[in-house]
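Overview (structure and organization)
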Amino acid sequence: MFVLQKQLSVLNVPSSRVALIYRSGADIQLALPELPSQLGSAYLVMLKGGGKVQVLVGLFMAKSRRNIFYVSDSGEVGSERADRELEAGQTFAESMGFILNDAEFGRLPADQQEAYWKGLPICQRHAATLVEPKISEGKGVAPKPQEGPEARKTQIAAPSQTHAVVSPSVQVATTVSDKTASAQKRRVLKERLGRFLASM
């Protein structure tokens, strides 16, 4: 389950802590609470440190110029659970309608990794754009936060974090070919994750 981090607005971690990045191939229309319906992009990130990993999903809302973060309520987990956490993150992002692609971050030289990482919208502070919240009339996906138990505090969470468990309601038509492509992506994802974990 992924938890909304209301006070987290930017990922301020070094690129050396980034194990994997998956990003959406295209922006999709989203309707999030307190924001007008607008295009958004998604980033699935696995952070590493101290022999553990943590998975989060970051959304960049283009019109409002805001980052929205959802973090796994498992917090940091051992490497033996990394594949399960990564698959859960991918499923969460796909439930909102995103199709994620491997950014092949690990193949970049260290200096290019730093530039690539710092260039992502989720790692940047954005000038706020004043927009009036409104009810979506389109087909945007509306994750509806619900009150949930206090999630475990993590290194990237603010100390006085407010948590809300998110259960996105999704209406995405999935064809057989989509399911096959998704299964193939997951297989490739697990293979790459296996190689990464072997190198830890």
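Check the entry above for the structure.
Residues numbered from 1 in each chain as written. Predicted model: local features only at pLDDT ≥ 70, side-chain atom pairs only at ≥ 80, totals over all residues. Heavy atoms only, no water.

1. Here we look at the overall build of the chain
Heads up, the rule is: Counting from the N terminus, the helices are DSSP H or I runs at least four residues long and the strands are E runs at least two residues long. Note on classification: 1.4 Å probe, protein chains only; a residue is buried when its accessible area is under 20% of the maximum for its type, exposed when over 50%, partly exposed between these limits. A contact between two residues is defined here by any heavy atoms of the two lying within 4.5 Å. Every accessible area reported is derived by Shrake-Rupley at a probe size of 1.4 Å, with residue values counting cover from the shown protein chains alone.
When helices and strands are tallied, the chain shows three helices and 10 strands. Expressed as a percentage of its 200 residues, the buried residues of the chain come to 44%. Contacts spanning at least 24 positions in sequence make up 71% of the contacts within the chain whose residues lie at least 6 apart. When the accessible surface of the chain is totalled, it reaches about 10600 Å², and 51% of it is carbon and sulfur.

2. Things to note about the pairing of strand E4 (residues 38-49)
To keep it simple, the criterion reads: Any two strands between which DSSP finds at least two bridges are classified as paired.
Counting buried positions over the 12 residues of E4 gives nine, a clear majority of the element. When strand E2 (residues 18-24) meets E4, the two strands line up antiparallel, connected through five bridges. Residue pairing in the sheet places valine 18 in a bridge with leucine 47 of E4. Of the strand pairs in this sheet, strand E3 (residues 28-30) and E4 are connected by three bridges, and their pairing is antiparallel. Within E4, the position partnered with glutamine 29 by the bridge is leucine 39. Pairing between E4 and strand E5 (residues 52-61): 10 bridges, direction antiparallel. Counted as the bridge partner of tyrosine 43 is glycine 58 from E5. Between the end of E4 and the start of E5, which pair antiparallel, lie two residues, with glycine 50 showing a positive phi angle near 60°.

3. Comments concerning the packing of aromatic side chains
The description of an aromatic ring pair rests on the distance of the ring centres and on the angle between the ring planes. To keep it simple, the criterion reads: Aromatic pairing here means that ring centres of Phe, Tyr or Trp (its six-membered ring) are within 6.5 Å. Orientation follows from the plane angle: under 30 degrees is stacked, over 60 is edge-to-face, and everything else is tilted.
Applying the stated criterion to the full structure yields three aromatic pairs. Their ring planes at 50° and their centres at 6.1 Å tell us that phenylalanine 105 and tyrosine 116 sit as a pair that is tilted. Here phenylalanine 105, found in the loop between strand E8 (100-102) and helix H2 (110-119), pairs with tyrosine 116, found in helix H2; they are 11 residues apart in sequence, far enough to count as distant. On the basis of relative accessibility, which here comes to 24%, the residue tyrosine 116 falls in the partly exposed class. Among the aromatic residues, ring-to-ring pairing joins Phe2, Tyr70 and Phe92 into one connected group.

4. Quick word on the nonpolar core
Basically, it comes down to this: In plain words, nonpolar cores are sets of buried Ala, Val, Leu, Ile, Met, Phe, Trp, Tyr and Cys residues tied together by side-chain atoms within 4.5 Å.
Within the largest apolar cluster, 27 residues are counted, with the highest numbers of intra-cluster contacts made by Met46, Leu59, Ile68, Tyr70 and Phe98. Those elements giving two or more residues to this core turn out to be strand E1 (2-5), E2, E3, E4, E5, strand E6 (66-72) and helix H1 (82-95). The greatest single-element share of this core, amounting to five residues, is contributed by E5. Sequence-distant contacts of phenylalanine 98, that is, excluding residues within four places in its chain, are made with Ser24, Ala26, Ile28, Leu30, Gly40, Ser41, Ala42, Leu59 and Ala93. Counting residues in each nonpolar core, the second largest holds 17 residues, with Val18, Phe69, Val71 and Ile122 among its members.

5. Re H1
The test is simple: In this scheme, a helix's expected span is set at 1.5 Å multiplied by one less than its residue total. Here, the arc refers to the directions that run from the helix axis to the C-beta atoms.
For H1, built from 14 residues, the straight-helix expectation of 20 Å at 1.5 Å per residue is met to within 8% by its first-to-last C-alpha distance of 20 Å. Among all positions in H1, only Ala82, Glu85, Leu86, Gly89, Gln90, Phe92 and Ala93 are buried. For H1, the arc enclosing every buried residue in end-on projection is 160°, short of the 170-degree limit, so these residues lie on one face. The first or second residue beyond H1 is glycine 97, which carries a positive phi of 105°.

6. Quick notes on the pairing of E1
The alternating pattern of E1 places Phe2 and Leu4 on one face and Val3 and Gln5 on the opposite face, and all of these are buried. Pairing analysis gives three bridges linking E1 to E6, with the strands arranged antiparallel. Note that in E6 the partner of leucine 4 across the bridge is tyrosine 70.

7. Observations concerning the pattern of salt bridges
The line we're drawing: Salt bridges are identified by distance alone: a Lys or Arg side-chain nitrogen within 4 Å of an Asp or Glu carboxyl oxygen.
Applying the stated criterion across every chain yields a total of three salt bridges. Close ionic contact of arginine 17 with glutamate 76 constitutes a salt bridge, the shortest N to O distance being 4.0 Å. On the criterion of sequence distance, the pair formed by arginine 17 in the loop between E1 and E2 and glutamate 76 in the loop between E6 and strand E7 (77-78) is long-range, its members being 59 residues apart. Exposure remark for arginine 17: the relative accessible area of 16% places this residue in the buried category. A salt bridge links glutamate 104 to arginine 107, with the nearest nitrogen and oxygen atoms 3.5 Å apart. Judged by its relative accessible area of 33%, glutamate 104 is partly exposed.

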